[in-house]
Protein chains: 4
Amino acid sequence: MAEHAVLNNPRSAHFERIRQLRHQVWQANMDLERHHLVTFTWGNVSAIDRESGLVVIKPSGVAYSELSAENMVVVDLEGNVVEGSLKPSSDTATHLVLYRAYPEIGGVVHTHSSHATSWAQAGKPIPALGTTHADYFYGDIPCTRALSNEEIKDDYEYNTGKVIVETIGDNEATAIPGIIVKEHGPFSWGKDAAQAVHNAVVMEVVADMALQTLQINSNVDHINQALLDKHYLRKHGANAYYGQSSSNKK
Amino acid sequence: MAEHAVLNNPRSAHFERIRQLRHQVWQANMDLERHHLVTFTWGNVSAIDRESGLVVIKPSGVAYSELSAENMVVVDLEGNVVEGSLKPSSDTATHLVLYRAYPEIGGVVHTHSSHATSWAQAGKPIPALGTTHADYFYGDIPCTRALSNEEIKDDYEYNTGKVIVETIGDNEATAIPGIIVKEHGPFSWGKDAAQAVHNAVVMEVVADMALQTLQINSNVDHINQALLDKHYLRKHGANAYYGQSSSNKK
Amino acid sequence: MAEHAVLNNPRSAHFERIRQLRHQVWQANMDLERHHLVTFTWGNVSAIDRESGLVVIKPSGVAYSELSAENMVVVDLEGNVVEGSLKPSSDTATHLVLYRAYPEIGGVVHTHSSHATSWAQAGKPIPALGTTHADYFYGDIPCTRALSNEEIKDDYEYNTGKVIVETIGDNEATAIPGIIVKEHGPFSWGKDAAQAVHNAVVMEVVADMALQTLQINSNVDHINQALLDKHYLRKHGANAYYGQSSSNKK
Amino acid sequence: MAEHAVLNNPRSAHFERIRQLRHQVWQANMDLERHHLVTFTWGNVSAIDRESGLVVIKPSGVAYSELSAENMVVVDLEGNVVEGSLKPSSDTATHLVLYRAYPEIGGVVHTHSSHATSWAQAGKPIPALGTTHADYFYGDIPCTRALSNEEIKDDYEYNTGKVIVETIGDNEATAIPGIIVKEHGPFSWGKDAAQAVHNAVVMEVVADMALQTLQINSNVDHINQALLDKHYLRKHGANAYYGQSSSNKK
């Protein structure tokens, strides 16, 4: 285990922030189950403390009923375990690529939720068809290309992160806070772990409704751009008016 | 906050009616969640006191677990907040258009329930295919036209109400107590908040079954007019015989 | 209310049988809800005491949470209420036609359960596609013809029963203990109320799977006749070997 | 009942192992219900004690609420009941064929779970379309041929086992720990009863997602072989790195 000075002093601000982050990440992992996004252990949430560069993440393959704030694993941005006796999620390398690429995000989620994963298996973006989608995602939720055999064989989880970043390209990550990885499943993110989970729920709901919509009308158009703008912007940005404050509501 | 004399005297009949309405509207909002019609805060119920012209509505973006009769918001028919420290639902203007257009309705509901919203995204009316539908809706549940860019940009929520009224046209609003707004989702109404929620549940159920029906038989006909008449009228109107009284059962 | 001597003597065997039947019918109605077959009050169960010819049935339009053994309604085979202060289910006349036509049945159920009702709306029999179906229904679950306008206008519920009997024809009712009424929904029956509910659950499950099966393979064949025979007969009839006795297991 | 010496001595290791196996098999049967894989009594789990050759299995047609470790039935590999007053599951002969054919398996499950059974009714293998599938099944989940009329008429449950073995052929049973029997439903297995249930859950989830995937994209390809290898092997075999040890995690 790598040494990390900030965790040695219980009176430091770092120490307290990481303690709180452990609790938030544990809570967010439990929320995945509460929202029916996971079967068995097929999901993981992490969050980052930007000041210290430390990431708190779910341990690998541990049942949700056995998770606690205490058994969350702390890693640095290179993936070294700095605190915790369990192995971190096997998807840790993917999370870390996202934290390094997007300074504005504070939490990352991965699940195999049924509807979003079906779109991933189909290799199709989840189209923006209505205001439910537009309230959270400012356009289609993209689907990555397939990884090459080389990308799969070596550093697979790292390359999964890279293909996500490649797909998002020059777009701001927070405008479309989720993606589906081809033949695999959804990843989402947000300003913190709770918002990343919130976006994972939204992806699952809109993935479900998008398929139903196509079954009712296979020639359906994308949502009108003006309506996409209206709904996205009434919840996000400087002129937001949804919720009880002018800030971006999760 | 606008002044409103009726709320200043705890001994007035108005005061007591509003107190009861707050409780009914809170209960109706909770029922939306109990009937699995809402994800997060994506739904709202209001009700009107016709004598004072005051409307009680859910606050914007507040979690269902934090709702109470006390934090419901009271607005007048022009949308001025007359009681309550929270902002009213962002859809308030839509509700108010409906109350002004239809004196016979006492409660309004909006949700993003999965099946009804999928029909809205598909831009198709929910066809009347069986007696379950006919027991509550006297014909297809219409889908509005899309709003124009101008209608979206300014007074969007008000214009959403206007396009609903435009679609219902000269028909009696209570014969088909619900509608789907294109690319958005369902609205329903009733004599009070509870009946509006009841109709929202029915819309979701018949939307689900209508899609399944079309998947089994893509050439299915609309329900026979005589059967539509029979079922609608055995529950509604002067000769109703369903339930324990001759009045319209919700 | 019609007089009925058997109910006047608390010490009579009739009295006790009806008391038990009330409890069974109440329990069976509650089981409809427990098995997620009903929304609101959209379902009803009855059972008959063959010796006295009395039928116990759910009252019309009463919420499941308010049902009790005591508020079940007792009617004779002509539909006269002989005990109970509430109106019997509006579908009572349909139940009575079935009891009169089939002396071997002791309980009847009607619901608007989602999948079976979708087949009814589609106007198609639920095809026998696998052993789950064959364990309970010895062939396709038929769909009635549509009722004529005359049959709908007068004595609608009675005529619903008649078209069920017309559809079953010379077949034994217990070999296929359920049917779907076109544009309406499922009816099922059994030796008692509990078995009728059991068959209602099976209809809903096989209706769901039949649609999925057709979506996977639109050219699917009916189940092999030998397999239909095997599964139906291992649960029913003289050589049954499923369960803990040789009798027909529900 | 056949005599079986190992069960007569409460101090023997055999006695204790069978006692524990009864508990595991009871727990695994209850887990079927907890994971929503069964309606009524339509599922059964067994496990084998390889040293004594004794198999513990659910009794036939008993409600889940009445199951206990005590009323599980113990049979030998020829199907003779060696302990227990109830009849074993009517599918016992199928389980025994699998235990005899595959020495590496310790638990077997059969259900009529909705999605997997729909694929069985459609007569199609469940295609490997994504990593969720690849984490547990190293390729398509095969569908058996239909049984012949002769195989159905005599020794039906035994022949069901034989056609499973015929379909798996020379492949290792643990690489694809489940199958669907045409017109019938899924069987799965594992190193013990708990793992067999785990695989039954996975089959149901991937069967659901495979249909959705085809509905989104009817021309979808099978998962890339390199990705199938990667996911299967990161959870199974000598180089597994998922979970908290290097052993095969269930």
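Residues numbered from 1 in each chain as written. Chains lettered and ligands numbered in written order. Predicted model: local features only at pLDDT ≥ 70, side-chain atom pairs only at ≥ 80, totals over all residues. Heavy atoms only, no water.

**Student:** Talk me through the interface of chain C and chain D; I want residue IDs and the actual numbers.
**Tutor:** Taken together, the contacts link 34 residues of chain C with 32 residues of chain D. Interface of chain C and chain D: buried area, both sides summed, is about 2,900 Å²; carbon and sulfur atoms make up 53% of it. On the surface where chain C and chain D come into contact, there are two salt bridges. Residues R234(C) and D91(D) are paired through a salt bridge, measuring 3.6 Å at the closest nitrogen-oxygen approach. Between the two partners, chain C and chain D, sit 19 residue pairs in polar contact (both at pLDDT 80 or more). Ranked by the residues each element gives to the side of chain C that touches chain D, the list is headed by helix α7 (residues 193-216) of chain C, at eleven residues. The residue inventory of the side of chain C that touches chain D, partitioned by class, reads 14 nonpolar, 14 polar and six charged. (Contact = heavy atoms within 4.5 Å. Buried area = accessible area lost by both parts, 1.4 Å probe. Salt bridge = Lys/Arg side-chain N within 4 Å of Asp/Glu carboxyl O. Polar contact = N/O pair within 3.5 Å; in protein donor to acceptor, adjacent residues only side chain to side chain. Helix = DSSP H or I, 4+ residues; strand = E, 2+ residues; numbered from the N terminus. Nonpolar A, V, L, I, M, F, W, Y, C, P; charged D, E, K, R; others polar.)

**Student:** Could you give an account of helix α8 (residues 225-235) of chain A, with specific residues and numbers?
**Tutor:** Within α8(A), eight of the eleven residues are buried, leaving the element largely enclosed by the surrounding structure. Among all positions of α8(A), only A226(A), L227(A), L228(A), K230(A), H231(A), Y232(A), R234(A) and K235(A) are buried. As for α8(A), its buried residues are in contact with α4 (131-134) of chain A together with α5 (149-153) and α6 (156-168) of chain B. Positive phi appears at G237(A), one or two residues downstream of α8(A), with a value of about 90°. (Buried < 20%, exposed > 50% of the residue type's maximum accessible area, 1.4 Å probe, protein only.)

**Student:** Explain the relation of the copies chain B and chain A to me, using residue names and the numbers behind them.
**Tutor:** The transformation that overlays chain B on chain A combines an axial shift of 0.0 Å with a rotation of 90°, and the residual RMSD is 0.0 Å. Considering both components of the superposition, the chain copies are consistent with a four-fold axis. When C-alpha positions in chain B are compared against the rotation axis, the closest is assigned to Q215(B), at 5.8 Å. (Least-squares fit on C-alpha atoms with pLDDT ≥ 70 in both.)

**Student:** Hey, could you go over the sheet that holds strand β3 (residues 73-76) of chain B for me, with residue numbers and the actual values?
**Tutor:** Residue and element names in this part refer to chain B. Judged by pairing direction, the sheet is antiparallel, and its seven strands sit side by side in the order β4-β3-β2-β1-β5-β7-β6 without closing on themselves. Looking along the sheet, the strands with just one partner apiece sit at the ends: β4 (81-83) and β6 (178-181). On average, each strand axis in the sheet is inclined to that of its neighbour by 25°, with strand direction left out of account. Where strand β5 (residues 107-111) lies against strand β7 (residues 185-190), four bridges are found, and the strand directions are antiparallel. Bridging from a neighbouring strand, V108 pairs with W189 of β7. The strands touched by α6 within the sheet are β6 and β7, with β6 carrying the most contacts at an inclination of about 125°. (Pairing = 2+ DSSP bridges. Axes fitted to C-alpha atoms, helices over the stretch in contact; angles between N-to-C directions.)

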